[in-house]
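Structural overview for review
Here's the letter readout for the chains.
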Amino acid sequence: MCVSLSDKRPKRKKQIICARQAWEVSPLLSITIENLTFSYPDCSSPALHEINLTMEAGEFIVITGATGAGKSTLLRSINGVIPHFQPGTLQGNVWLDGATPSGRVPVARVSAPQLARFIGSVFDDPEGQIVSPIVEEEIAFGLENTGVDPAQMDGRIAKALADCGISHLRHRATSSLSGGQKQRVAIAAALALAPKILVLDEPTSELDPDGTEAVLNVLSELNKNHGITIIIAEQKVTLLAPLCDRLVLLEKGRIALQGPPRQVFLHPHIFAKLGVELPAPARLAHALVQEGVLPPFDSPDAPPIPLTVEEAFTLSRQLL
Ligand SMILES: Nc1ncnc2c1ncn2[C@@H]1O[C@H](COP(=O)(O)OP(=O)(O)OP(=O)(O)O)[C@@H](O)[C@H]1O
């Protein structure tokens with residue numbers, strides 16, 4: 001049973017905030033992860049170990065690391081899958097700062113439907129997350145489940161589809177869509193709930209280059225023009241590096257390195273040690289330093305590390 005925070009009954013050990021409760025969530029909703037350790041049942045070592053991380057409102061953050069590093073587990077701790085649906089041993093807290101008028105609340109104390117209203121989730125498999133035969137029904141599904149006023153639904157569906165650049169797909173059968181279109185429908189479905197934060201687990205892993213580009217463009221737009229915080233788990237960061245504010249590199253459930261991409265890419269040996277691919281433009285720049293063509297990156301006259309092929313090209317031309 002759900003218990004509201006204002007409930008006057010004797011205090012329970014854990015109070016869960018209901019979807020019915022009227023909340024004014026701050027547009028500046030941020031996340032503070034404090035000493036988070038999580039172990040799946042019957043696992044000898046934790047999947048996440050003493051994670052401390054702050055994610056500011058409006059940031060675009062990429063969580064990366066080798067397979068099994070804990071990327072998905074970290075996202076599940078943010079969107080409430082842990083602890084609401086995934087059993088295990090959880091220590092520490094994921095705080096939502098600005099989630100209530102009185103301040104912060106831990107994810108574990110917010111009900112899953114309430115969380116879905118301000119943290120949207122998109123997964124890697126566009127097939128697996130779409131449940132409705134028609135696109136607009138898919139978008140309406142989440143609105144109905146979270147008790148959105150039916151009078152608002154039409155407008156919310158239209159806006160979410162427009163924001164994802166897929167208004168023309170509104171009446172299409174979901175089974176007839178390409179992978180990239182399905183993934184944008186999944187993003188629109190999350191977006192219709194007007195989330196402050198979008199959490200995406202390898203959202204382009206099943207997509208071809210065109211679908212990948214379309215999805216990344218949508219995410220960049222949502223972040224820049226609508227101020228939505230984007231948190232993506234992704235093993236390959238080449239395409240995301242130019243879009244994101246911060247990369248968080250995980251190693252066996254711990255944070256190995258974090259910072260703006262140009263700073264993180266100053267440490268190629270850490271990428272090599274963890275088996276995470278350094279993007280080609282950054283690899284080229286390090287090769288040029290090794291060959292003595294460029295000054296070392298810690299010298300005052302060193303150029304910034306290129307993030308894109310275009311930046312690498314410009315840097316190479318300057319050397320000719
Ligand atoms: N449901 C589960 N039950 C038990 N162990 C799990 C479960 N899910 C993940 N793990 C384990 O937790 C650790 C972290 O897994 P997680 O899926 O978070 O890593 P990841 O970085 O997302 O990996 P990938 O890139 O392969 O998706 C791994 O050792 C994994 O085997």
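Quick notes on the rules
Residues numbered from 1 in each chain as written. Predicted model: local features only at pLDDT ≥ 70, side-chain atom pairs only at ≥ 80, totals over all residues. Heavy atoms only, no water. Helix = DSSP H or I, 4+ residues; strand = E, 2+ residues; numbered from the N terminus. Rg over C-alpha atoms; globule rule 2.2 N^0.38 Å. Areas by Shrake-Rupley, 256 points an atom, 1.4 Å probe, with all protein chains shown as cover. Near = heavy atom within 4 Å. Polar contact = N/O pair within 3.5 Å; in protein donor to acceptor, adjacent residues only side chain to side chain. Domains from an automatic or database assignment. Buried area = accessible area lost by both parts, 1.4 Å probe. Salt bridge = Lys/Arg side-chain N within 4 Å of Asp/Glu carboxyl O. Nonpolar A, V, L, I, M, F, W, Y, C, P; charged D, E, K, R; others polar. Pairing = 2+ DSSP bridges. Axes fitted to C-alpha atoms, helices over the stretch in contact; angles between N-to-C directions. Parallel < 35°, antiparallel > 145°, perpendicular 65-115°, else oblique. Contact = heavy atoms within 4.5 Å.

The subject of this paragraph is the overall build of the protein chain. Within the protein chain, the regular secondary structure consists of twelve helices and ten strands. Taking 20 Å as the expected radius of gyration for a compact globule of 320 residues, we find that the protein chain reaches 21 Å, a close match to that expectation. On the protein chain, roughly 15500 Å² of surface is accessible, and the fraction owed to carbon and sulfur atoms is 52%.

Residue P83 follows I82 across a cis peptide bond; omega there is 15 degrees. Position of P83 relative to the elements: it lies in helix 2 (residues 81-84). A positive phi angle is found at N35, which is not glycine, with a value near 45 degrees. Looking at where N35 falls in the secondary structure, it is placed in strand 1 (residues 30-39). At D42, a residue that is not glycine, the phi angle is positive and equals roughly 60 degrees. Relative to the assigned elements, D42 resides in the loop between strand 1 and strand 2 (48-55).

Attention now moves to the site of the ligand. Inspection of the region around the ligand gives 15 residues, with T67, G68, K71, S72 and T73 positioned closest. A distance of 3.0 Å separates an oxygen atom of the ligand from a polar atom in the backbone of G70. Protein burial of the ligand: of its 630 Å² of free accessible surface, 61% is covered by the chains.

Turning next to the domain arrangement of the protein chain. The domains assigned to the protein chain are domain 1 (30-129 + 191-264) and domain 2 (279-319). Just the C-alpha atoms count here: the centres of domain 1 and domain 2 sit 30 Å apart. The contact between domain 1 and domain 2 buries some 570 Å² in all, and 68% of this surface belongs to carbon and sulfur atoms. Summed over the three residues of domain 1 that lose the most area to domain 2, namely T238, P242 and R262, the buried surface amounts to 80% of that side. Applying the counting criterion to the domain 1 and domain 2 interface returns one salt bridge. In this structure, the salt-bridge partner of E311 is R262, at a minimum N-O distance of 2.8 Å. Summed over the shared surface of domain 1 and domain 2, the result is two residue pairs in polar contact (both at pLDDT 80 or more). Split into classes, the residues belonging to the side of domain 1 that touches domain 2 amount to four nonpolar, one polar and one charged.

Pairing between the strands of a sheet comes from backbone hydrogen bonds, and it takes one of two forms, parallel or antiparallel. Pairing is antiparallel across the open sheet formed by four strands, whose spatial order is 2-1-4-5. Taken across any chain shown, the strands that pair with only one partner, and hence form the sheet edges, are strand 2 and strand 5 (103-106). The mean inter-strand angle of the sheet, taken between neighbouring strand axes irrespective of direction, is 15 degrees. Both strand 4 (residues 89-100) and strand 5 contribute to a ladder of four bridges, which runs antiparallel. Note on strand 5: the bridge partner recorded for T100 is G103.

Contact pair helix 11 (residues 280-290) / helix 12 (residues 309-319): the axes reach a minimum separation of 9 Å and the direction vectors enclose 25 degrees. As the angle between them shows, helix 11 and helix 12 are arranged roughly parallel. For the pair helix 11 and helix 12, the contacting residues are P281, L284 and L288 in the first and V309, A312, S316 and L319 in the second. Grouping the amino acids of the contact of helix 11 with helix 12 by side-chain chemistry returns six nonpolar, one polar and no charged.

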